[in-house]
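Analysis of the macromolecular model
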Amino acid sequence: MEVISGAEALMRALQNEGVKTIFGYPGGSIMPVFDALYDYTRGERKAFDHILVRHEQSAAHAAEGYARVSGEVGVCIVTSGPGATNTLTGVADAMLDSTPIVVIAGQVGTGALGTDAFQEVDLVGVAQPISKWSYQIRRPEDVAWAVSRAFYIARTGRPGPVVLDFPKNAQVHTTEWKPQHVDFVRSYVPYPKPDETSIAAAAELINGAERPLALVGQGVELGNAHNELIEFLEKADIPAARTLLGLSALPSDHPLNMGMLGMHGNFAPNVKEQECDVLIAIGMRFSDRVTGLPATYAKQAKIIHLDIDRSEIDKCIRTDVAVIGDCKVTMPAITRLLKKNNHREWRDSFKEYDERERTTVIEPAIHPKDGELLMGEVVNAVAEATGGNAVLVTDVGQNQMFSCRYFKYNKKRSVVTSGGLGTMGFGLPAAIGATFGAPERTVCMFSGDGGFQMSIHELGTIMEQQAPVKMIMMNNNYLGNVRQWQDMFFEHRKSFTRMMNPDYGQIATAYHIPYCVVTERGQLKKAVDDMLSTKGPYLLECAIKEDDNVLPMTPPGKSVDEMLLSIDI
């Protein structure tokens, strides 16, 4: 057998997993790997594109963006110590949002472990509670097995992040190369066999329902069960609402789509959660941002929960029927037992609430007649210009809520946002990753001025790669979401939320990125058209009304049907 170094074995193992793109940042303890990578990024042996980010946290977020739009595992390679710990925010983000990434980090040699050597940190110990699996590769002969196992765990079942800690001696020592293929891990059951009794019980409840409501989560996207979802909903005529991460699991214009759930979701589905008689949760985890006050949530309804992860059942909300398994399998199994139904009267009852939200919130937000520029109209202008075919990437805050509410989705895997962790600074690097994961699609990244500055260094990556990210930065000179809460709940005491901002035009010029600023409503349409028609990256800054508030809103500690359509602050 051929004798190669551990670093070379890593390259071959990544090839075997079908990896094409790697996001990374070199350093001392990972240098042998980057030396091996040199030959795999050029010439006849070229196998990978390596994207040099400007910060290791961005490497993890870029890997997330890549994974979310491509359906593949995102990969990043970094050095030990601070390089590794910088990725941990991205690891935690991926864990909460079920995103498959593999983080490979350098480590000091095994002989120095435990001595507080330069840039040593117990990465396996630190990463264990925020990853699906963390493992230290101590010998070069274990590389092929560990990499194959890592990818198997990351991509199967409920996806998630895996962290591999790679000591330097294991990188440089040699071993006989033998490819490995892991497709079984003892005690790990990624795809539980559905229980026929539970499937029958779920179908019976749905068939007997007069007011059914489906809650569609990201599990439909992760399970590639989009067609199965539509067949399920249409056969039983079930209105559906989507979670933040499940927004593109159902097309925006589908007649059974009733809008977005959650604290800043649509009015009708939030109210109707408290009126339905059967609630069917599909690939979602009953986040606190969806349920509001759990003690009062959907107490009148029988609750059916379809999920691949048994630990989610009864974790937040009591379930009457649990259907454990891959929704691409369980939904068709239920659909076969459903009666063709018609719930027109129930569906029509949503219209009154839709109309109240449209006249009170939506129209004033996207078609204001006067005053300063608003976030809703900026998002709406981009959504109309892209025709619902673009990938939406967001940062976190008001920009996230406005863009997710008013963007349009015609294609699957069209939403990349930080849901569970709510990571500011996520947007820019995730958008870079998305351009590599879906190079044929337009990627529109919305951010506020706060989140944009948290990863502004990644303009360097965009410049170097000419990554065609269309950046829409909505500048209100505030940390807007916190400012809104301060106005609502803290007597207008705006404690350290006002931002002193730089000249973004000069910054864009320094990075050779086309730039335009919109300060008046009449400039918006042309600016959006110019941005979308410009090849490569583009930064569009929009000067937003400082006290623009995102509505509707369910105040913290309130029931979902206590949603506010207006606030007097």
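Preceding this paragraph is the structure being described.
First, a word on what this report is: a plain description of the structure on this page. (Residues numbered from 1 in each chain as written. Predicted model: local features only at pLDDT ≥ 70, side-chain atom pairs only at ≥ 80, totals over all residues. Heavy atoms only, no water.)

With that settled, the discussion passes to the overall build of the chain. Tallying secondary structure elements over the chain gives 24 helices and 20 strands in all. Scaling as 2.2 N^0.38, a compact globule of 569 residues should have a C-alpha radius of gyration of about 25 Å, and the chain matches this with 24 Å. Taken over the C-alpha atoms alone, the chain extends approximately 70 × 60 × 45 Å along its principal axes. Put simply, the chain has 569 residues, and 60% of those count as buried. Partitioning the intrachain contacts of the chain with sequence separation of at least 6 by distance along the chain shows that 77% fall at a separation of at least 24. Counting only carbon and sulfur atoms, one obtains 50% of the accessible surface of the chain, whose full area is about 22,600 Å². (Helix = DSSP H or I, 4+ residues; strand = E, 2+ residues; numbered from the N terminus. Rg over C-alpha atoms; globule rule 2.2 N^0.38 Å. Buried < 20%, exposed > 50% of the residue type's maximum accessible area, 1.4 Å probe, protein only. Contact = heavy atoms within 4.5 Å. Areas by Shrake-Rupley, 256 points an atom, 1.4 Å probe, with all protein chains shown as cover.)

Over its 12 residues, helix α9 (residues 196-207) extends 16 Å from the first C-alpha to the last, a length consistent with the 16 Å expected when each residue adds 1.5 Å. Residues of α9 that are buried: S198, I199, A202, A203, I206 and N207. Down the axis of α9, the sector holding all buried residues measures 170 degrees, keeping them to one side. Exposed residues pointing more than 90 degrees away from the buried face of α9 are listed as T197 and E204. Against α11 (226-236), β12 (278-282), β13 (302-307), β14 (321-324) and α14 (327-335) lie the buried residues of α9. (Expected span 1.5 Å × (residues − 1). Arc of directions from axis to C-beta.)

Moving on, we get to the side chain of H264. Residue position: H264 is located in the loop between β11 (257-260) and α12 (267-272). Relative accessible area serves as the criterion here: at 3%, H264 is assigned to the buried category. Not counting residues up to four positions away in its chain, the partners in contact with H264 are M401, R405, Q484, V550, P552, M553 and M563.

Moving on, we get to the sheet that holds β12. Strand order in the open sheet made by the six strands is β11-β10-β9-β12-β13-β14, with parallel pairing throughout. In the strand order of this sheet, the two ends are held by β11 and β14, each with one partner. Put simply, the sheet's adjacent strands are angled 20 degrees from each other on average, direction ignored. Strand direction decides the pairing type here: β13 and β14, joined by four bridges, are parallel. Its bridge partner being in β14, H305 is matched across the sheet by A322. Running over the sheet, α11 touches β9 (212-216), β10 (240-242) and β12 and is turned about 170 degrees from β12. (Pairing = 2+ DSSP bridges. Axes fitted to C-alpha atoms, helices over the stretch in contact; angles between N-to-C directions.)

In this section: the nonpolar core. General note: in soluble globular proteins, nonpolar side chains tend to be found buried as a group. If you look at the biggest cluster of nonpolar residues, it comprises 66 residues, and the most contacted ones within it are F407 and F446. Take this core: its biggest share by element is six residues, from helix α17 (residues 375-386). Those residues in contact with F407 that lie beyond four places of it in its chain are S252, V379, V382, A383, T386, A390, L392, C444 and F446. Counting residues in hydrophobic clusters, the runner-up holds 40 residues, among them L14, L37, V147 and A154. (Core = buried A, V, L, I, M, F, W, Y, C linked by side-chain atoms within 4.5 Å.)

Another aspect to go through is the pattern of salt bridges. Inspection of the entire model under this criterion finds 27 salt bridges. The partner of E312 in a salt bridge is K315, and the shortest N-O contact between them spans 3.0 Å. Taking relative accessible area as the criterion, K315 reaches 48% and is therefore assigned partly exposed. With its nearest N and O atoms 2.7 Å apart, the salt bridge here joins R405 to E357. Residue R405 is located in helix α18 (residues 398-406), and its partner E357 is located in helix α16 (residues 351-366); the two are separated by 48 residues in the primary sequence. Among the residues examined, R405 registers a relative accessible area of 12% and is labelled buried. Several salt bridges share partner residues, and in doing so they unite E2, E8, R12 and R45 into one network. (Salt bridge = Lys/Arg side-chain N within 4 Å of Asp/Glu carboxyl O.)

Considering the arrangement of structural elements, one finds G246 in the loop between β10 and β11. As a C-alpha pair, G246 and N342 span 96 residues in sequence and 25 Å in three-dimensional space. Not counting the four nearest positions on each side in its chain, G246 is found in contact with V216, G217 and Q218.

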